[in-house]
Amino acid sequence: MVAFGKKLKDSQIQEWQGYYINYKLMKKKVRQYAHQIELEAHNRRYVLKDFARMLDNQIEKVVLFLLEQQGRIASRLSHLGEEHDVLFQQPNELKVSELQESYRAVGRDLLRLLFFVEMNAIGLRKILKKFDKRFGYRFTDYYVKTRANHPYSQLQQVFKHVGIGAVVGAISRNLAELQDHHGSYISIYDQPSLPVQDPVVDSIKAAVERLTNSTNFLQFLGKHALIMQEELATPPDATVDSGYHFMSLLLNLANTFLYMVNTYIIVPTADDYSLSLGAAATVCGVVIGSMAVAQVFSSIYFSAWSNKTYLRPLVFSSIVLLVGNTLYALAYDLDSISVLLVGRLFCGLGSARAVNRRYISDCVPLKMRMQASAGFVSASALGMACGPALACLLQTNFKIYRITFNSVTLPGWVMAFAWLFYLLWLSISFKEPYREVKEDVVPSGVNSGRIEHDAVETGIVQPLLLSSEEKQQDDDGEEDCDEASKEIQKPVTSIVAAYRLLTPSVKVQLFIYFMLKYAMEILLAESSVVTTYYFIWSTSRVAIFLACLGLTVLPVNIIVGSYISNMFEERQVLLASEIVVCLGILLSFHILTPYSEPQYICSALMTFVAAEVLEGVNLSLLSRVMSSRLSRGTYNGGLLSTEAGTLARVIADGTITLAGNLGLSSLLNITLLPSLFICISSIVATCFTYNSLF
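Let me sum up the structure you'll find in this document. (Residues numbered from 1 in each chain as written. Predicted model: local features only at pLDDT ≥ 70, side-chain atom pairs only at ≥ 80, totals over all residues. Heavy atoms only, no water.)

## What about the overall build of the chain?
Thought 1: Counting its regular elements, the chain contains 28 helices and two strands.
Thought 2: When the accessible area of the chain is evaluated, it comes to approximately 29,000 Å², of which 62% is carbon and sulfur surface. (Helix = DSSP H or I, 4+ residues; strand = E, 2+ residues; numbered from the N terminus. Areas by Shrake-Rupley, 256 points an atom, 1.4 Å probe, with all protein chains shown as cover.)

## Overview of the nonpolar core
Thought 1: One finds Tyr422, Ile585, Phe608 and Leu630 to be the most contacted residues of the largest nonpolar core, which totals 124 residues.
Thought 2: Per element, the largest residue contribution to this core is 15 residues, and it comes from helix H21 (residues 504-525).
Thought 3: Residues contacting Phe608, with those up to four places away along its chain left out, are Met384, Met520, Leu523, Leu524, Leu549, Gly550, Thr552 and Val553.
Thought 4: Counting residues in each nonpolar core, the second largest holds 57 residues, with Ile13, Tyr23, Ile127 and Val201 among its members. (Core = buried A, V, L, I, M, F, W, Y, C linked by side-chain atoms within 4.5 Å. Buried < 20%, exposed > 50% of the residue type's maximum accessible area, 1.4 Å probe, protein only. Contact = heavy atoms within 4.5 Å.)

## A closer look at the packing of aromatic side chains
Thought 1: In the structure shown here, the tally under the stated rule is 31 aromatic pairs.
Thought 2: Ring centres of Tyr595 and Tyr600 lie 6.4 Å apart, and the angle between their planes is 70°; this geometry places the pair in the edge-to-face category. Tyr600 matches Tyr595 in its accessibility class, with the two residues each being buried.
Thought 3: Grouped by ring-pair contacts, the aromatic residues Tyr533, Tyr534, Phe535, Trp537, Phe545, Tyr595 and Tyr600 constitute a single cluster.
Thought 4: The ring of Trp16 has Arg112 sitting right over it, with the charged end atom 5.0 Å from the ring centre.
Thought 5: Over the face of the ring belonging to Tyr328 we find Arg344, whose NZ or CZ atom lies 6.0 Å from the ring centre. (Phe/Tyr/Trp six-rings, centres within 6.5 Å; stacked < 30°, edge-to-face > 60°. Lys NZ or Arg CZ within 6 Å of the ring centre and 35° of its normal.)

## Quick notes on the side chain of Thr269
Thought 1: Among the secondary structure elements, Thr269 is positioned in the loop between helix H10 (246-264) and helix H11 (270-276).
Thought 2: Thr269 has contacts with Ser407, Val408, Pro411 and Thr539, leaving out every residue within four places of it along the chain.

## Overview of the pattern of salt bridges
Oppositely charged side chains are able to pair whenever their charged atoms sit close together.
Thought 1: Applying the stated criterion to the full structure yields 11 salt bridges.
Thought 2: Two residues, Glu521 and Arg649, come together in a salt bridge whose shortest N-O distance is 3.6 Å. Of this pair, Glu521 sits in helix H21 while Arg649 sits in helix H27 (residues 637-660), placing them 128 residues apart in sequence.
Thought 3: Judged by relative accessible area, which is 4%, Glu521 ranks as buried.
Thought 4: For Arg649, a relative accessible area of 11% corresponds to the buried category.
Thought 5: Shared partners join several salt bridges into a network, and the residues in it are Glu101, Arg104 and Arg108. (Salt bridge = Lys/Arg side-chain N within 4 Å of Asp/Glu carboxyl O.)

Fair warning: the whole summary comes from geometry, so function is off the table for now.
Shown next as structure tokens:
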């Protein structure tokens, strides 16, 4: 295992070595500043000014070299354009092929330049994070705010690679025309939906998207899975496909889908079930939330178990869920609210989402990991919609051997049979992947830059996701000595150790995740009680309403992932989504009499859709600002976000039950007040850390 400084040195393009940022020097200066402050040789103001000046010089060096190389590439393209004009008048097959290869050669040089910019951008982000952590300053916030928004910003050149888009366009347009030199010469600008079929162009687009954090619908969905993104591009491992088995992946996605169905299938009928057992309707909050309570603990042991095996935790999960749903269904005939709650606790103890996410991270090939991550999110969204929809279809009442099958027990029986079928399918089809100790192989020496260059030259698209075993370098604690380097690369072994790695930006993002899950749980869990009290909705109507909310997830993500996230920065979308969630909560309050259905439906739709948009952007930013030490081991970033969301659901469901003691007339407003307070707090926290999300 090697630290980032060594990776940066080994991956440098040899002839450009003098133009990279001097990461080692800047790291040394950070240590010197710490020593000087301890001796009171310099004050805080001097340190900030001196470090900012050094960063300015390093960025200026990179930018001037970048502009110089852009000029050379532009000059070569200009000469090739003249040759293209001549060839247009006098077509020649041989010269067309030669000209195509010349354009590809320019494209390959552009790839090298993009890789150069990417390495420097990563180094700058890391040294800024290191400085903030070492001194407890908000230097990143100050530096980005003053540099990125300046009209003569050089930082924008590094992070936004201004001007490279025009070069990419020139290469793409000319290659497209040369590919169809016998045809009509229709420009790519006339048919933007038709991509240029050339491996070099594909590699350039992939590199540009990596550098700009551009996205599409598939990538946007994949970010919801919070599988940590790769920061340092490395040649792919040829043996990465050895543990992949499509049917096993499908079984993990099916587990995700069934669990989400299991979570939401009882929501429309939970209040009726509580009433039938002699409890108050608002006890539905405890019934729904008990599953989340157990999930707080199950996430940890499933995450630890997945370090050793995938099959056994999935089998255990299926058995526990089978038992839990059976108890849930039998509680009606046993007339016991305790059995009902124990059944839901068992269901929570069977939550294997940590295993599903870990399997995708560790066992799916790099080239397919984004699709698998998107599948994970899509399965969750589909399960969320199918749960209430299925409850709507189970409106019947009959008995078989003194066992009652009605609208409140059938969800339990249906899910019990579903998990039994899944258990049989799992036993027959799942293949335990082969586990081996992976080594982080980094190309070194003179040829290291060439290796990376060859990787992108052959059209290999580097993925945005990295498995927990492959990402073995620390964001926040690199030391020069080998012993310290080995120590910081170890995965964290406790929640407390993981918490110590959280920067203010990460804490704010986790708080935002807590907020959106709290707001969504309040909306969904109390929907049956609220709509029955105010509008006298039937169970079927509540189920249809919840199913329609769930069905908005994928269309909204298509719009955000394909369009909005390409037009605005993620931090802008984040803040805007928080504000819309806040407006949705405000509109939900019962202030005017009477409380109307349009008001409730519109406010609920606004809150839910904005929260869904917020979740994708939030997890994307979280994966970017979180320490890479949290990408592996039991206490990883995915577990932390899951625990934050689950804790939010537990508190929200508890709030509903407690507020119900004050009467149904005040339930809505009382439960919305904490949501509003938490949402406003998250907006304020986002504003304080806004510039650190650059």
